[in-house]
Amino acid sequence: MDDNRLISMANQIAEFFQSYPETEAVAGIATHIEKFWDPRMRRGIFAHLKAGGAGLKPLTLKALQDLAAKQPDLAKSA
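Notes on the structure follow. (Residues numbered from 1 in each chain as written. Predicted model: local features only at pLDDT ≥ 70, side-chain atom pairs only at ≥ 80, totals over all residues. Heavy atoms only, no water.)

Turning next to the environment of alanine 14. Note that alanine 14 resides in helix H1 (residues 3-17). Here alanine 14 falls in the buried class, since its relative accessible area comes to 3%. Sequence spacing of alanine 14 and tryptophan 37 is 23 residues, and the spatial spacing of their C-alpha atoms is 14 Å. Those residues in contact with alanine 14, other than ones at most four positions away along the chain, are Ile29, Leu59 and Thr60. (Helix = DSSP H or I, 4+ residues; strand = E, 2+ residues; numbered from the N terminus. Buried < 20%, exposed > 50% of the residue type's maximum accessible area, 1.4 Å probe, protein only. Contact = heavy atoms within 4.5 Å.)

Written out as structure tokens, the structure is:
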């Protein structure tokens, strides 16, 4: 999947959670991506994160960093 599409989708999730306290928002974004994105999508967004994460909103960035720490094998294969 195209990086721009993945970035847009991840940022849309963050928009939903933006009214939550930061800790809950970050956890909610990470949980959503973990549960509903297939491994190819997660590898794609982790590869983008590894390349600098341009275009990701701050909450999205934090959530992906947390998720990458939880799924190091998937994040490393990106």
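Still more ground to cover, so stick around.
A separate point is helix H4 (residues 58-70). Residues separated by three or four positions in an α-helix point in the same direction, a consequence of the helix having 3.6 residues per turn. The terminal C-alpha atoms of H4, which comprises 13 residues, lie 19 Å apart, in line with the 18 Å expected from a rise of 1.5 Å per residue. Taken as a whole, H4 has its buried residues at Leu59, Thr60, Ala63, Leu64, Leu67 and Ala68. Here the buried residues of H4 occupy an arc of 165° about the axis, which is enough to place them on one side. Every exposed residue of H4 that faces more than 90 degrees away from the buried side is listed here: Pro58 and Ala69. (Expected span 1.5 Å × (residues − 1). Arc of directions from axis to C-beta.)

With 12 residues, helix H3 (residues 39-50) extends 16 Å between its outermost C-alpha atoms, agreeing within 8% with the 16 Å of an ideal straight helix rising 1.5 Å per residue. Of all the positions in H3, only Met41, Arg42, Gly44, Ile45, Phe46, His48 and Leu49 are classed as buried. Taking the backbone nitrogen of arginine 40 as reference, a side-chain oxygen 2.9 Å away marks aspartate 38 as the first, capping residue of H3. (Polar contact = N/O pair within 3.5 Å; in protein donor to acceptor, adjacent residues only side chain to side chain.)

Packed helices, taken two at a time, are described by the angle their axes make and the gap between the axes. Put simply, H1 and helix H2 (residues 22-36) touch, their axes get as near as 9 Å, and they point 140° apart. Between H1 and H2, the angle falls in the class oblique. Relative to H2, the crossing made by H1 is right-handed. Within the contact between the two elements, H1 uses Ala10, Ile13, Ala14 and Phe17 and H2 uses Ala25, Gly28, Ile29, His32 and Ile33. Grouping the constituent residues of the contact of H1 with H2 by class yields 7 nonpolar, 2 polar and no charged. (Axes fitted to C-alpha atoms, helices over the stretch in contact; angles between N-to-C directions. Parallel < 35°, antiparallel > 145°, perpendicular 65-115°, else oblique. Left-handed = near helix turned anticlockwise from the far one by under 90°. Nonpolar A, V, L, I, M, F, W, Y, C, P; charged D, E, K, R; others polar.)

Evaluated as defined, the whole model comprises 4 salt bridges. The shortest N-O distance in the salt bridge between lysine 57 and glutamate 15 comes to 3.0 Å. Residue lysine 57 is found in the loop between H3 and H4, and its partner glutamate 15 is found in helix H1; the two are separated by 42 residues along the sequence. Of the charged contacts in the structure, one is a salt bridge between lysine 62 and glutamate 22, with a shortest N-O distance of 2.3 Å. One end of the pair, lysine 62, is in helix H4; the other, glutamate 22, is in helix H2, with 40 residues separating them in the sequence. (Salt bridge = Lys/Arg side-chain N within 4 Å of Asp/Glu carboxyl O.)

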